[in-house]
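# Structure assessment
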Amino acid sequence: MSDVYEQKVSSAITVSRVFALISIVCAHIVFTPEAPYAIAKIYNAVASIGVICFLFASAYYYDPGKYSFVELIKNKFTTIGLPWLFLGT
């Protein structure tokens with residue numbers, strides 16, 4: 001039974017990650033001033049959900065036995081921080 005539960009949770013998180021990716025793409029689209037105000041507000045509200053969804057998914061799958069906090073920060077700095085600094089400057 002536990003295996004079936006884990007499979008359903010995994011499927012639900014995969015679906016939520018797909019919608020989160022769509023939401024994050026939507027967050028990077030800018031409306032022109034001629035666009036209807038209500039549609040732009042609804043679009044922006046939906047677009048802000050993606051990051052929160054990814055935070056919940058990553059918290060669910062976080063394995064504290066794999067990394068210590070310092071190792072995790074070091075790993076994220078080398079895999080995300082350095083490329084961002086290099087490509088952003």
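Going by the structure above, here's the rest.
Figured I'd write up the structure that's included with this text. Note that this is a predicted model, so its numbers are computed, not measured. Starting from 1, residues in each chain are numbered consecutively following that chain's sequence as written. With the structure being a predicted model, the display of local features is reserved for residues of pLDDT at least 70 and the display and counting of side-chain atom pairs for 80 or more, all residues being used for whole-chain, interface and lining totals. The side-chain values count all of the structure's non-hydrogen atoms but skip hydrogen atoms and water molecules.

### Side note on the layout of surface pockets
Rolling a probe over the atoms, with the probe sized like a water molecule, indicates the empty space that remains. Selection criterion: Whether a set of points on the 1 Å grid over the protein atoms alone is a cavity depends on a 1.4 Å probe fitting there but being unable to get out, while an open set qualifies as a pocket with protein on both sides within 12 Å along at least five of seven lines; lining residues are those with an atom within 4 Å of a point. Grid points are joined across faces, edges and corners, and a volume is the space filled by probe spheres set on the points. By the criteria applied, helices consist of DSSP H or I runs no shorter than four residues and strands consist of E runs no shorter than two, each listed in order from the N terminus. As a working rule, the residues Ala, Val, Leu, Ile, Met, Phe, Trp, Tyr, Cys and Pro are called nonpolar, Asp, Glu, Lys and Arg charged, and the rest polar, with Gly in that last group.
Its volume calculated, the largest pocket comes out at about 220 Å³. Sorting the residues of the lining of the largest pocket by element identifies α3 (49-60) and α4 (69-88) as the ones contributing at least two each. When grouped by side-chain class, the residues that make up the lining of the largest pocket number six nonpolar, two polar and four charged.

### As for the packing of helix α1 (residues 2-27) against helix α2 (residues 37-47)
How two helices pack is summed up by the angle between their axes together with the distance between the axes. Selection rule: To obtain an axis, a line is fitted to C-alpha atoms, over the contacting stretch when the element is a helix, and the angle between two such axes runs from 0 to 180 degrees between their N-to-C directions. In this scheme, roughly parallel covers angles under 35 degrees and roughly antiparallel covers those over 145, while 65 to 115 is roughly perpendicular and the rest are oblique. The sense of a crossing depends on the near helix, which, turned anticlockwise from the far helix by less than a right angle, makes the crossing left-handed and, turned clockwise, makes it right-handed. By definition in these notes, contact holds between two residues if any of their heavy atoms fall within 4.5 Å.
Put simply, α1 and α2 touch, their axes get as near as 8 Å, and they point 130° apart. Considering the angle they form, α1 stands oblique to α2. Where α1 crosses over α2, the handedness of that crossing is left-handed. Here S23, C26 and A27 of α1 come into contact with α2, specifically with Y43, V46 and A47.

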